[in-house]
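Overview (structure and organization)
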Amino acid sequence: MPHPSPYRSRLVRTAAAVAAGAALLTLPPASASAASARGGGRTGATPWTAASWTPSPGDWRPYVLAPTGHTVTPVRVLTTDPRGGAVQGDPDAVLGKGGSSVRLVSTGDRTTSPLLTLDFGKDVGGRVRIHVTGASATPPKLHVCFSESQQFAAAGPTANSGEAAQAPGCDTANIWNGYPGQPYTYDSDSHTFTLDPAHLPATLTDPQIRGGFRYATLFLDGPGSVDVGAVSLDFAAAPKQQDPAAYQGWFLSSDNELNKIWYAGAYTVQLDTWMSDTAKSWPYTGGEADHADSQVPYADPGQEVIFDGAKRDRIVWQGDLAVQAPVTYLSTDDVPAVDNSLSSLAAQQLPDGFVPAESLVGQHNEDEIRTYGEYVTWFVDNAYEHWLYTGDRSFLDRWWPALTKATGWLESVRQQDPQGLIAFGEAGSCGHYGYSDCGHETYVNALYARNLDQMARLAAARGDRSGAAAYTARAGQLKKAINDQLWDPATGAYRLSRETPTRTRRTPTPPPCSPASPTRPRPAAPWPT
């Protein structure tokens, strides 16, 4: 029988911390987050800012990085640099202090423009809003650049293969422009605000979203001046979560660092959760400005999905969901976002049962339609985990035919080998991020063996005893083949693949005797069949 999730409670198991830790973002230094007001009586301090923080029983909220609403303000002005122009007035005006403004004056183009960089204290994402109180009669163009770090924000002439000359203060978000060994040829990263002096003052909103940034740099292009007041952000991540900080599940231990890892992971997944019409279509053509406004195929356009990353690729990936979905179940319980993501991928299934690894948005992803055989196993795993955590029988029944077809494709690949192991190279789908050598690898065969166990449990949950028995029998055959062909008793570890008999991975179970014993027996193949 399917069962409701035992994890939708206020106390989440320690295992959740491991899952969330796989989605770590760079932990921020000093920041004025919403959690600072909930710091266990320590005014202004949080686990993220205090040099020493001792967790208090039940007091998990100071660890939450998510904002309490969808309007976020910068915490400080990081730097100002007049360069060939000027910064006149108090730069802190952009923080909304006193209702004043600061004047940016440019005497030339973007290469000599003044720069004003804001720090939001942590990674955020959405649309920047700028209150402009005035401008010269012929105003310059007002741009904002984005970066997740100071290190990679284009400053010097050689930064990011020459990005500073085009998009000062930006890091590189375009996959094909300015990456190592490739020159940055045009501004594919900054966003532009249109100024109309006849309609000022006005609050201008960025026409495009930007996911995954901490620092925002204002600069001008062309001579003239702009008077800038308060800057804020329409936080567009986790859009269906009215209060992103109101977690439905939480974790707390006596280990401060472990707690921070868990909540950094939970917030990372929230930063990856967006409306399904905000994907990126790659590749950009030369001169095309940054935008994220493509629809994920087969996804509900009025619902969220979980992208692989907030900045790029901004598409749904099977393998990323394997980490993101359990984190979602255990923190925000935003199950509709998971449902929409999984359904969109399932609907892309090809007639032979192969399931593409990623959203088929744009030519780049279309070109990879059959590249990742490994990710078919993650499709099955994601569906099983969804049933395990939610007990949603209707979702399982809807996609059961797709699961049986996907497992059938995996079995067809295995049957190409007389010795009964999978090698995705033989199917032309060996592009994976495991221990790839395109041979008969332990890694991919172990993934498929797990799928067969999962399919047996799902079949049993649907009342299909004969189907469950068939999957269990097939799993036993595969595990025996893995143990017979890939286990190396001399080293007590599995070989990387059948084609590389001298290369092994670490022992998957503890050895039976003390490591200090020089005569300890080598373990037999640890995987029961």
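This text goes with the structure placed above it.
Owing to the predicted nature of the structure, the values given are computational and were not obtained by experimental measurement. (Residues numbered from 1 in each chain as written. Predicted model: local features only at pLDDT ≥ 70, side-chain atom pairs only at ≥ 80, totals over all residues. Heavy atoms only, no water.)

Judged by pairing direction, the sheet is antiparallel, and its 3 strands sit side by side in the order β13-β14-β15 without closing on themselves. Unpaired on one side and paired on the other, β13 (487-488) and β15 (500-504) mark the two borders of the sheet. Here β13 runs beside strand β14 (residues 493-497); their pairing, made up of 2 bridges, is antiparallel. For D488, the partnering residue across the bridge sits in β14 and is A493. The strands touched by helix α9 (residues 465-486) within the sheet are β13 and β14, with β14 carrying the most contacts at an inclination of about 90°. (Pairing = 2+ DSSP bridges. Helix = DSSP H or I, 4+ residues; strand = E, 2+ residues; numbered from the N terminus. Contact = heavy atoms within 4.5 Å. Axes fitted to C-alpha atoms, helices over the stretch in contact; angles between N-to-C directions.)

With that settled, consider the packing of aromatic side chains. Overall, the coordinates contain 19 aromatic pairs when judged by the stated rule. Aromatic side chains F251 and W262 sit 6.0 Å apart centroid to centroid with 25° between the ring planes, which places their arrangement in the stacked category. One end of the pair, F251, is in the loop between β10 (224-235) and α2 (256-271); the other, W262, is in helix α2, and 11 residues separate them in sequence. Residue F251 is classed as buried on the basis of its relative accessible area of 2%. Among the residues examined, W262 registers a relative accessible area of 2% and is labelled buried. (Phe/Tyr/Trp six-rings, centres within 6.5 Å; stacked < 30°, edge-to-face > 60°. Buried < 20%, exposed > 50% of the residue type's maximum accessible area, 1.4 Å probe, protein only.)

Let us now look at the pattern of salt bridges. All told, the structure shown has 24 salt bridges when counted by the stated rule. Notably, a salt bridge pairs E257 with K260, separated by 3.8 Å at the nearest N-O pair. With E257 and K260 both in helix α2, this residue pair falls 3 residues apart, about one helical turn. A residue is classified by how much of its surface remains accessible, and E257, at 41% relative accessible area, is partly exposed. In this structure K260 comes out as buried when scored by relative accessible area, which is 13%. Here the salt bridges share partners, and the residues they tie into one network are E148, D171, R210, K280, D290 and K311. (Salt bridge = Lys/Arg side-chain N within 4 Å of Asp/Glu carboxyl O.)

Further remarks concern the packing of helix α8 (residues 442-461) against α9. The angle between the axes and the distance between the axes are what describe a pair of packed helices. Remark: α8 packs on α9, axes separated minimally by 8 Å, with the N-to-C direction vectors making an angle of 160°. Classed by the angle they form, the pair α8 and α9 counts as roughly antiparallel. Read as a crossing pair, α8 and α9 show a hand that is left-handed. For the pair formed by α8 and α9, the contact residues are T442, N445, A446, Y448, A449, L452, D453, M455, A456, A459 and A460 on the first element and G467, A468, Y471, T472, R474, A475, L478, K479, I482 and L486 on the second. For the contact of α8 with α9, the per-class residue count stands at 14 nonpolar, 4 polar and 3 charged. (Parallel < 35°, antiparallel > 145°, perpendicular 65-115°, else oblique. Left-handed = near helix turned anticlockwise from the far one by under 90°. Nonpolar A, V, L, I, M, F, W, Y, C, P; charged D, E, K, R; others polar.)

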